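These are the residues of each chain, in order.
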Amino acid sequence: MKMNIKFVKNNLTELNSYVGFIVLLISMYVFESTAWTSFNDSFFHDVLLGCALLFAISCMVLKKFSLKEKFVFGILMCIGVLCYISTRFTGLLLTFLVVTLIPRNSIDKVFRIIFIEELFLTICIILLSLIGVLPNQVVEINKSLYTANAYTFGFSHPNILTAQATTIVFLYLCVNRNNIQFKTILISLLSTLVIYYFSRGRTAFLLSLLVIILICIDKTGKFNSIKSSIFKYLPYLNIGIILTILIVIVLFAFFGGHSRLINLINDVIFNGRIGLAWLNFKAYSMSLFGVNLDPNVWGEWQYHALDNGHMMIFLQYGIVGFISYFCVVQRALNNIAKRKDIVMCIIISVLLIWLIYEGTMSYVGKNFTLLFAFYRGKSGLKKKGVKQNVT
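Each chain has its residues counted from 1, following the order in which its sequence is written. Only residues with pLDDT of 70 or above have their local features reported here, since the model is predicted, and side-chain atom pairs are shown and tallied only from 80 upward, although totals for entire chains, interfaces and linings are computed over all residues. Processing note: side-chain calculations cover all non-hydrogen atoms of the structure and skip hydrogens and water entirely.

*Asks:* Sorry if this is basic, but what is going on with the pattern of salt bridges here?
*Replies:* Side-chain pairs of opposite charge can arise where the charged atoms are in close proximity. What makes a salt bridge here is a side-chain nitrogen of Lys or Arg within 4 Å of a carboxyl oxygen of Asp or Glu, nothing more. Going through the model one piece at a time under the given rule, you end up with 5 salt bridges. The partner of aspartate 341 in a salt bridge is arginine 177, with the nearest N and O atoms 2.7 Å apart. Note that aspartate 341 is positioned in the loop between helix H14 (309-339) and helix H15 (342-354) and arginine 177 in the loop between helix H6 (158-175) and helix H7 (182-199), a separation of 164 residues in sequence. Given a relative accessible area of 3%, aspartate 341 falls into the buried group. Taking the shortest distance from any N to any O, the salt bridge between lysine 227 and aspartate 218 comes out at 3.2 Å. Like lysine 227, the residue aspartate 218 is buried in the burial classification. Three or more residues joined by partner-sharing salt bridges are found here, namely Asp108, Arg177 and Asp341. Strands are runs of DSSP state E lasting at least 2 residues, helices are runs of H or I lasting at least 4, and numbering of each runs from the N terminus. Three labels apply to residues, based on accessible area from a 1.4 Å probe with only protein chains included: buried if under 20% of the type maximum, exposed if over 50%, partly exposed otherwise in between.

*Asks:* In this structure, what is going on with the packing of H6 against H15? I would like to understand it.
*Replies:* Relative orientation and spacing of two packed helices are given, respectively, by the angle between their axes and the distance between those axes. Throughout, an axis means a line fitted to C-alpha atoms (over the contacting stretch in the case of helices), and angles, computed between N-to-C directions, take values from 0 to 180 degrees. Taken N-terminus to C-terminus, the directions of H6 and H15 make an angle of 165 degrees; their axes are 10 Å apart at the nearest point. With respect to H15, the element H6 is oriented roughly antiparallel. For the element pair H6 and H15, the recorded crossing hand is left-handed. Along its contact with H6, which presents Thr162, Ala163, Thr166, Phe170, Leu173 and Cys174, the element H15 presents Val343, Met344, Ile347, Val350, Leu351 and Trp354. Here the word oblique covers every angle except those under 35 degrees (roughly parallel), over 145 (roughly antiparallel) and from 65 to 115 (roughly perpendicular). If you view the pair so one helix is near and one far, a crossing is left-handed when the near helix is turned anticlockwise from the far one by less than a right angle, and right-handed when it is turned clockwise. Throughout, a contact is declared for two residues whenever any of their heavy atoms are within 4.5 Å.

*Asks:* Just checking my understanding: could you explain helix H10 (residues 237-255) for this structure?
*Replies:* Note that an α-helix has 3.6 residues per turn; residues three or four places apart therefore point the same way. A helix is expected to span 1.5 Å multiplied by its residue count minus one. Given a rise of 1.5 Å per residue, 19 residues ought to cover 27 Å, and the 27 Å separating the end C-alpha atoms of H10 matches this to within 8%. Here H10 has its buried residues at Asn238, Ile241, Ile242, Ile245, Val248, Ile249 and Phe252. Around the axis of H10, the buried residues are gathered within 130 degrees of arc, so they sit on the same side. In H10, those exposed residues whose orientation departs by more than 90 degrees from the buried face are Ile247 and Phe254. Of the surrounding secondary structure, the elements contacted by the buried residues of H10 are helix H11 (260-269), helix H12 (273-283), H14 and H15. By arc we mean the arc of the directions from the helix axis to the C-beta atoms, nothing more.

*Asks:* Help me understand the pairing of strand S2 (residues 147-151) in this model?
*Replies:* Within a regular strand, the side chains alternate between the two sheet faces. Only one face of S2 is covered, namely the one carrying Ala148 and Ala150; the face carrying Thr147, Asn149 and Tyr151 has none of its residues buried. The pairing criterion is simple: DSSP has to find at least two bridges between the two strands. As paired strands, strand S1 (residues 138-142) and S2 are joined by 5 bridges and run antiparallel to one another. Counterpart to isoleucine 141 in the pairing with S2 is alanine 148.

*Asks:* Just to check I follow, could you spell out the packing of helix H3 (residues 67-87) against H14 for this structure?
*Replies:* Here H3 crosses H14 at 165 degrees, and the two axes come no closer than 9 Å. By the angle class used here, H3 and H14 are roughly antiparallel. Along this stretch, H3 crosses H14, giving a crossing that reads as left-handed. Every residue of H14 that contacts H3 at Leu76, Ile79, Cys83 and Thr87 is listed here: Gln316, Tyr317, Val320, Gly321 and Ser324. When the residues that make up the contact of H3 with H14 are grouped by side-chain class, the tally is 5 nonpolar, 4 polar and no charged. Note on residue categories: nonpolar means Ala, Val, Leu, Ile, Met, Phe, Trp, Tyr, Cys or Pro, charged means Asp, Glu, Lys or Arg, and polar means any other residue, Gly included.

*Asks:* Sorry if this is basic, but what is going on with a nonpolar patch on the surface here?
*Replies:* Patch building starts from residues that exceed 30% relative accessible area and form no salt bridge, then joins like charges within 9 Å and nonpolar side chains (Val, Leu, Ile, Met, Phe, Trp, Tyr) within 5 Å. Only the protein chains shown count as cover for residues, and the accessible areas themselves come from Shrake-Rupley with a 1.4 Å probe. On the surface, Tyr233, Tyr236, Ile239, Leu243, Leu246, Ile247, Val250, Leu251, Phe254 and Phe255 cluster together into a nonpolar patch covering about 1,000 Å² of accessible area. No other element matches H10, which puts 8 residues into the nonpolar patch.

Here you go:
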């Protein structure tokens, strides 16, 4: 009996340390996306990062790793540290920490905490922009076929506002995935429409509608006949996306300058992301552990952004960093498929597609489904007739 009480206390302490880590990490990610341009160089940023790492160290001490888990953790930490030394970017290292340290049987609690925190911080940032503390700019955005005016509401760009707000909608669906009702769908749909009205994020709007429609179809039971196929082929999704990007980049490199079809595919289907990815690939050299992407070369190549998440990870964290990140995504896909959680299957699929268009979707602050990569234990699926393969 005493041993059981001690185990529960240790588990609670580990969970509390992890919650402290992820709360500080999410706060840092959200503030980085605001119009507070000097945040990354501020003392407040360093305090958040330092405290987050202290909580992470506490998790490491308290977590009971198996021999295999220790080996995987050690490999990922070495890669994360080497990428940080090479680039001075902490993103990959922090992502590896947050996905490997998540306590057993805690993922639904963690999702709920992330949802509440992101919603609270987003409301605060919007309110600060409305009273003039943070800027609320109106930006004219070129949508290839037309232009649109969008608001920032305290964030650095309307696309960032879109990513932040739409992630909250996905988190809301995730938290309520075991009890999705008409109210859940209505709130998600109305939120999606409001987000699009102010931010004009076309890709996010279409992907949000896709998630809501697919969840509605699942509620009708029409997915029952193909669910086994969805769970079977989900692990191949990321491979298919990367191969598609590579093929289109190669086609753009060879024919983009004089092929109307290729240019149309790049501009309309990929919103110009493939062309930008190719220009970035020419501007920056390949490396093992990444390079600090120097924006001073942008003028030479006449581009202004690296939005494709796959190319961003490949260039920023190198070949080794990209492969290790790919393995983390692959583990998340495998784990979700084994658990037969159709809502999470839908959400991770859409987030991986979104990664083509928005590099910010590569980290846990937006792609929260990565938490399944090394997660062990229950994930709250309580539907009758559905059996989870819990690892």
